[in-house]
Every structure is written in C-alpha cells, then in structure tokens.
Amino acid sequence: MDNDNHLDKHLDIIKDVLKNYLQENKFRNTPERYTILEEIYKLDHHFNVDDLYLKMIQKKYQVSKATIYNTIEIFLDAGLIRKHQFGEKTNSSSSYEKSYFDKQHDHLVIYKKNSDKDIEEIVEFCDPRIQGIKDSIEEIFGVKIDSHTLYFYGHKK
Ligand SMILES: [Zn+2]
C-alpha cells in the first residue's frame, strides 16, 4: 500500500470512531469536526491550537478558534488525540498529537542553549524497558496500568 492509500484507510477508521463517539454522547454530527480531524491526522508533528487554526485558515476553511478548542476536547475524550504540556517552567500552550494508530512513545524535550524555557526540539523515543518497568509495577502492586506520562528535559551537549 502506498502512503496515500494508507492515510485514506486510516481516515476512514478514525472518522468511524468519531461518528460513533458523537452518536453515543449525543453530540452534533457536524462536518467541520471531520475536517478538523482529517487535518490533524495529516500532520506528522505535535501541534497546538494556534498552529492548527492557522493551517485551517490557510486552507480557507471557515472555522473559529472556539470550535477548534471544543472539538479538541471531544477528540481527547474519544481517544483520538493525546495532550502534552512540553514546557515545564512556562505556561506554554498545550500541545497535541494524533494517537489512534500510534505506538506508545515518550518525549525528550531539548531546550535552546542557555534557556530552560525555550524549546529547541522535541524528540520522540520508544524504549522497550519502559514496558518492562510497567510489567513489574503491575506485578508488585497488583494493578493494571492504563497510561503513563514521561518527559525528559535537557540541553544539547
Ligand atoms: Zn509524540
């Protein structure tokens, strides 16, 4: 399958997920929610509401920031996106990423030189040892872990 086919198939699946969620929760089934979802799933990076809004405006979609905020909350609750707060010392805006087909991954936040606020880069990594830690914590405490949050912060050497 080429990439476009792959994306189309993914879009069909997530649109179904959204449709079911909206029905179950008695939310209005508006076309702009699907448009916003599609734009998010075409992105390869983390984004914030301003990024997304700008992108929609550039593509001449008629959408308000308030609609994007509302829709983001719905997507979060439906498990279609994941929320991040990458800056640890600033009130920087929340970032989001698509999550439905994602493998679990964690994030390394690299600050700009001489700063502990300005982010230079966010690197995603996947380390199987984290699954190992989860397994043993579940075993020791007799729990089922549903999710976890892990960020590393640093500077380039
Ligand atoms: Zn990520």
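Right above here is the structure, for reference.
What counts and what doesn't
Residues numbered from 1 in each chain as written. Predicted model: local features only at pLDDT ≥ 70, side-chain atom pairs only at ≥ 80, totals over all residues. Heavy atoms only, no water. Helix = DSSP H or I, 4+ residues; strand = E, 2+ residues; numbered from the N terminus. Buried < 20%, exposed > 50% of the residue type's maximum accessible area, 1.4 Å probe, protein only. Lys, Arg positive; Asp, Glu negative; His and termini not counted. Salt bridge = Lys/Arg side-chain N within 4 Å of Asp/Glu carboxyl O. Contact = heavy atoms within 4.5 Å. Arc of directions from axis to C-beta. Polar contact = N/O pair within 3.5 Å; in protein donor to acceptor, adjacent residues only side chain to side chain.

Trainee: Would you explain the side chain of K134 in this entry?
Mentor: Topologically, K134 is positioned in helix α5 (residues 128-141). Within the buried set, K134 has no salt-bridge partner at all; the shortest N-O distance to an opposite charge, 7.2 Å, is to E138. Discounting chain neighbours no more than four positions away, the residues touching K134 are I145 and H148.

Trainee: How should I be thinking about helix α3 (residues 49-58) in this particular structure?
Mentor: Residues that lie three or four places apart on an α-helix share one face, since the helix turns once every 3.6 residues. Along α3, the residues classified as buried are V49, L52 and M56. Across the axial projection of α3, the buried residues extend over an arc of 65°, all falling on one side. Among the exposed residues of α3, those pointing more than 90 degrees away from its buried face are L54 and Q58. Tucked inside the fold, the buried residues of α3 contact α2 (31-42), α4 (65-77) and β2 (95-98). One side-chain oxygen of the residue at the start of α3 lies 3.1 Å from the amide nitrogen of D50, identifying that residue as N48.

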